[in-house]
Amino acid sequence: MEYRLANELDIDSLADLESKNFHSPWTKEQFLYEIKENEFSKTIVVYEGECLIGYINYWIIFDNGQINKICVKEDYRRKKIASYLLEKASEDFKKNECYVITLEVRVSNISAQKLYEKFGFKTILTKEGYYTDGEDAYYMIKGVY
């Protein structure tokens, strides 16, 4: 298992994995923007051989971090891949002296909530109707220092 920053060659694999796991998936164009144009964005990918098995997308904006997406291929879930990706992002947040890290998570996504809580995130509010299908999101936050 190897990890690295995503590049243009990962776009098709990212979009494919994304489309199989999210209600409102990002398009290839959105991934391309995040990888090539958004100076605040980083996408870390994890491969096993030639197969993309997971990724995390996050932003570092000055001293704040924002986790936007984390996804693991279904066959690889419960194998600590998501924890591994969060650890790599956390190392980057610390290196860049982020004081606060935030994220939104679906109210129905209990397994993700438990993972984030394990990493020290706390739910501070509910964003009603946050997702395009009308589902609420929990807004979670973690102070680093």
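Just above sits the structure.
A brief report on the enclosed structure follows. None of the values given here were measured: they were computed from a predicted structure.

The rules we used
Residues numbered from 1 in each chain as written. Predicted model: local features only at pLDDT ≥ 70, side-chain atom pairs only at ≥ 80, totals over all residues. Heavy atoms only, no water. Salt bridge = Lys/Arg side-chain N within 4 Å of Asp/Glu carboxyl O. Helix = DSSP H or I, 4+ residues; strand = E, 2+ residues; numbered from the N terminus. Buried < 20%, exposed > 50% of the residue type's maximum accessible area, 1.4 Å probe, protein only. Phe/Tyr/Trp six-rings, centres within 6.5 Å; stacked < 30°, edge-to-face > 60°. Lys NZ or Arg CZ within 6 Å of the ring centre and 35° of its normal.

### Remarks on the pattern of salt bridges
Item 1. All told, the structure shown has eleven salt bridges when counted by the stated rule.
Item 2. The residue K95 makes a salt bridge to D92 at a minimum N-O spacing of 3.7 Å. Of this pair, K95 and D92 both sit in helix 3 (residues 81-95), three residues apart, which is roughly one turn of the helix.
Item 3. Given a relative accessible area of 8%, D92 falls into the buried group.
Item 4. Several salt bridges converge on common partners, so that one network encompasses K42, D92 and K95.

### Quick look at the packing of aromatic side chains
Item 1. The tally for this structure, following the rule as stated, stands at seven aromatic pairs.
Item 2. Taken together, a centroid distance of 5.1 Å and an interplanar angle of 70° make the contact between Y58 and F93 edge-to-face. Here Y58, found in strand 3 (residues 51-61), pairs with F93, found in helix 3; they are 35 residues apart in sequence, far enough to count as distant.
Item 3. With relative accessibility at 1%, the residue F93 sits in the buried group.
Item 4. Aromatic side chains Y130 and Y131 sit 5.0 Å apart centroid to centroid with 90° between the ring planes, which places their arrangement in the edge-to-face category.
Item 5. On the basis of relative accessibility, which here comes to 39%, the residue Y130 falls in the partly exposed class.
Item 6. One aromatic cluster is present, built from ring pairs that chain together W26, F31 and Y55.
Item 7. The positively charged end of K79 is found above the aromatic ring belonging to Y76, 5.4 Å away from the centroid.
Item 8. Above the plane of the ring of Y131 lies R106, whose end atom (NZ or CZ) is 4.1 Å from the centre.

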